[in-house]
Each structure stands twice: as structure tokens, then as C-alpha cells.
There are 2 protein chains.
Amino acid sequence: MPHAPLEFYFDFSSPYSYLAAQTIDALAGEHDRRVTWRPIMIGAIFKHTGAQPLMDVPLKGAYARHDLARSARRLDVPFTMPAKFPLIALNAARGFYWLEAHDAAAAKRFAHAVYRAYWGEGRTVETPEQVAAIADNIGLDGAALAAAVTEPAIKERLRHATEAARAAGVFGVPTVIVAGEPFWGYDRFADLRAWLEHGGW
Amino acid sequence: MPHAPLEFYFDFSSPYSYLAAQTIDALAGEHDRRVTWRPIMIGAIFKHTGAQPLMDVPLKGAYARHDLARSARRLDVPFTMPAKFPLIALNAARGFYWLEAHDAAAAKRFAHAVYRAYWGEGRTVETPEQVAAIADNIGLDGAALAAAVTEPAIKERLRHATEAARAAGVFGVPTVIVAGEPFWGYDRFADLRAWLEHGGW
């Protein structure tokens, strides 16, 4: 029987999700696992739980900016606090699901490109046109993607993904769930790795 | 010039502080550093920041219980969710400072014994008598400690320590500050270790 995949729940507007996205596939690959990428709208879940966006919390938000820059240096990936924050990641997430329906690998490449633009370079990626430009840059059909993200079926797809995440117990991002075992936070990747190595502990 | 010490801010009522307390001295020792233990009343800081105690947050609290038990297994230390929670850690923290004024090593042994009783065994350690019993068990003068924790000077000592922590930017526990660099959370110990190894990065 093949190993259960890693379900990777993230939001494009979450900087710790950006860090997680850099390593999740390699980590899974080391343990003969695949990763199912699941962009969600964490803000919709926060409305249910009453949680505050990290960056808005007094003192904690300032610390998070420091910690993010430090974590990115340690991981050796670019990090730029976006001029416009928070990002409305709706169209990027919808675009991901539209691509994924045809080509999961293309969807992942698109996700990496969105992340690189937004958290690596601090650019604003919100409108269908901005999201389309990202797709064009990596050789995908930006015009088709810009049209697709306004379709009711794609909007519903993202709503459904967010609801399914909430039903699975996701209250923050990034969260990885593997065979029912939840790991919340990029800072749990060492635990996740150990869990995969030992099959739980 | 000797290396700057690690300032270890914690609250006896914080389970992640309990995990941090298990390894902080060994981690510092590997890098020729000393640790200054600083119990504080994190609840007093939460009153300023509006933060919610972790265990009270919907979904997050349930996850934290799961994560704590898992982290304790990984660290191979006992963990028992206390029947009475949260703990009012006022007298334990006061007792620590009273001991520390005479004998810093005794204060650390006391802190470990309080933690072991509370988070290792799930026992209630709140009243001066309960705190005194912990001290007696490790060969310290419990009666003297029980008397000391009601003295105005010791109460003021703890208030001052908590205010100093807030002034230093502490908004959650455990937090370690070394040479001005803050690390919030037991899950930043790998980062702290790397920072000590490389002198920042």
C-alpha cells in the first residue's frame, strides 16, 4: 500500500506558509511521500475561531517580522516584507485550483512563482491581471487563467477547500496533516520529519 | 569578555516553558553560556497585549494538548495534563526568587521540582504549603519558603521581573533573549542553537 500523502494547507498571504512551501516537497520525497497542496482562505476560518491575523497582534507582529527575516536567512531564501499587506490571495488560490484540475505540476510551479513574487520580492499579486502575469512568466496561459478565476465553479472550489480544511481541524497555516496526524506551523517540520522517519513516536 | 548569558523568561503555568526548561541549560552549556532563569507572570503581560491563554483558544487549545504530549514523548520527558488548569503560579515564582537571592543553583533545582510535579505528574502546586512541600522534598527549608512568599519584598521582586520582561519585549513564554536577540517559543530552540553556533546569521 502506498504511504498516505502529506496534505499541505496554506494561504498565499501567510509568510510562514511561504517558508514551508520551500521545503515541503523535498521533505516528503525523502520519505517516499507525495504532497497534496491545498491553498485555503485562512481568514474565513479565523472568522469562526475569532483568531487575529498574526501581524496585527501587538508585539507579536513585530517579533514575527524579525523572526521571518531571520528564518528566511537561515533557510537561504529571499524574503521581502510586501509593501501592501495583507495580500488578498483569492485570485491566486482560485488560479491554483483551475490549473490543478488540468496539471498538478503546473499548479505547483504557479504556487512557487506567486510565493516568490509576493514574499521573495514583495510585489502585489491580487487582481486577475496580476495573477495572469505570474502565469505568463512561467509559460502558462495567463489570459485563460484570468478568465477562469471569475467562474462560479472555481470560486466554489476554493470555498469547498477552505471548508474541508476547517472540517479537518485546520485553524492556522501552514498545517500539514499526514494519516490524520496534524502539524501546525513551519516550526513543526522537524517534528514532521521525525514522525515520518519513525512512523509516529 | 565572557559570552552574554541566555535570559530565560518562563511561567510555571506554561507547558511549553516546561519543555524548554528541560534543555535550556544543556543547550547553553554546549556554547559556553550561562542561563539566567526568570519566572514571570505572563498573565499580567497578556492583560496589556490582549492575548488569550493558549489553552483557551478554540481548536488551537485542543491541538496544543496533542502537540504537547507528542513533543514530550519526542523529548522523552513525562507529561501529564494537570487536573486543575491553569495553575496559579504566583507562590512558586515568588519562592524561586527568594531562593535565588541566596543560592541560584537551589532556585533552579526548585524550579525543576515544581515543573516535574506540575507538568510531569499533573499535581496542583499553588498554595504556600504546596510549594513548601516541593522545597522540603528536595532538601530545602519549606517552612522558611512558605513564610517568605507572603513578604512584600518578594511580591515586589516578581512584579519587577514581570515588568522588566515586558520592557524587554517579552509577549509570550518561553522566551530566550541573548545579546538582545529574542527567541519566542520552545520551537525556536533549533534556531537559538544555530544562532549560538554561528553568532547570528
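Engineer: So what exactly am I meant to see when it comes to the relation of the copies chain A and chain B here?
Structural biologist: Related by rotation about an axis and a shift along that axis, the two copies of the chain form a pair. Each copy superposes on the other: chain A lies on chain B with an RMSD of 0.0 Å after a rotation of 180° and an axial shift of 0.0 Å. Taken together, the rotation and translation relating the two chain copies correspond to the operation of a two-fold axis. Within chain A, Asp187(A) has its C-alpha nearest the rotation axis, a separation of 3.0 Å. Most of the interface of chain A is mirrored in chain B, where 100% of its interface residues are also at the interface.

Engineer: Mind showing me how you'd approach the interface of chain A and chain B here?
Structural biologist: When the parts of a complex come together, some accessible area is lost, and that lost area is often used as the size of the interface. Between chain A and chain B, the contact holds 23 residues from the first and 23 residues from the second. For the chain A and chain B pair, buried surface summed over both sides reaches about 2600 Å², with 56% attributable to carbon and sulfur atoms. Here chain A and chain B share eight salt bridges between them. Linking chain A with chain B are 14 residue pairs in polar contact (both at pLDDT 80 or more). Counting residues per element, the ones that place at least two in the side of chain A that touches chain B are helix 3 (60-75), strand 4 (181-184) and helix 9 (189-198) of chain A.

Engineer: Mind showing me how you'd approach the sheet that holds strand 3 (residues 175-178) of chain A here?
Structural biologist: Strand-to-strand pairing in sheets goes through backbone hydrogen bonds, with the strands running parallel or antiparallel. Residue and element names in this part refer to chain A. Spatial ordering of the open sheet is given by 2-1-3-4, a layout of four strands whose pairing is mixed. Edge strands, defined here as strands with exactly one partner in the open sheet, are strand 2 (35-39) and strand 4. Taking the axes of each pair of neighbouring strands and ignoring which way they run, one obtains an average angle of 20° across the sheet. Bridge count for strand 1 (residues 6-10) against strand 2 is five bridges, and the pairing is parallel. Residue pairing for strand 2: phenylalanine 8 is matched across the bridge by tryptophan 37.

Engineer: I'm lost on the confidence of the model for chain A in this one. Help?
Structural biologist: For any part of a model where pLDDT is low, the fine detail of the predicted coordinates should not be relied upon. On average, chain A scores 95 in pLDDT, and the residues at 70 or more come to 99%. What the predictor reports for the complex is a pTM of 0.93 with an ipTM of 0.90.

Engineer: What is the right way to look at the packing of aromatic side chains in this model?
Structural biologist: The geometry of two aromatic rings is summed up by the distance between their centres and the angle between their planes. Residues and elements named next belong to chain A. Scanning the model with the defined rule gives 34 aromatic pairs over all chains in all. Aromatic pair phenylalanine 96 and tyrosine 97: ring centres 5.5 Å apart, planes at 90°, arrangement edge-to-face. The two residues phenylalanine 96 and tyrosine 97 agree in class, both being buried. Within the aromatic cluster, the residues linked to one another by ring pairs are Phe8, Phe10, Phe12, Tyr18, Trp37, Phe96, Tyr97 and Tyr115.

Engineer: I would appreciate a short explanation of the packing of helix 4 (residues 90-102) of chain B against helix 8 (residues 152-167) of chain B in the present structure.
Structural biologist: If you want to describe how two helices pack, look at the angle between their axes and the distance between the axes. Residues and elements named next belong to chain B. Taken N-terminus to C-terminus, the directions of helix 4 and helix 8 make an angle of 100°; their axes are 9 Å apart at the nearest point. When the axis of helix 4 is compared with that of helix 8, the two are roughly perpendicular. Between helix 4 and helix 8, the residues in contact are Leu90, Ala93, Arg94, Tyr97, Trp98 and Glu100 and Ile154, Lys155, Arg157, Leu158 and Ala161, respectively. Residue composition of the contact of helix 4 with helix 8, by class: seven nonpolar, no polar and four charged.

Reading the values: rules and limits
Residues numbered from 1 in each chain as written. Chains lettered and ligands numbered in written order. Predicted model: local features only at pLDDT ≥ 70, side-chain atom pairs only at ≥ 80, totals over all residues. Heavy atoms only, no water. Least-squares fit on C-alpha atoms with pLDDT ≥ 70 in both. Contact = heavy atoms within 4.5 Å. Buried area = accessible area lost by both parts, 1.4 Å probe. Salt bridge = Lys/Arg side-chain N within 4 Å of Asp/Glu carboxyl O. Polar contact = N/O pair within 3.5 Å; in protein donor to acceptor, adjacent residues only side chain to side chain. Helix = DSSP H or I, 4+ residues; strand = E, 2+ residues; numbered from the N terminus. Pairing = 2+ DSSP bridges. Axes fitted to C-alpha atoms, helices over the stretch in contact; angles between N-to-C directions. pLDDT = per-residue confidence, 0-100. Phe/Tyr/Trp six-rings, centres within 6.5 Å; stacked < 30°, edge-to-face > 60°. Buried < 20%, exposed > 50% of the residue type's maximum accessible area, 1.4 Å probe, protein only. Parallel < 35°, antiparallel > 145°, perpendicular 65-115°, else oblique. Nonpolar A, V, L, I, M, F, W, Y, C, P; charged D, E, K, R; others polar.

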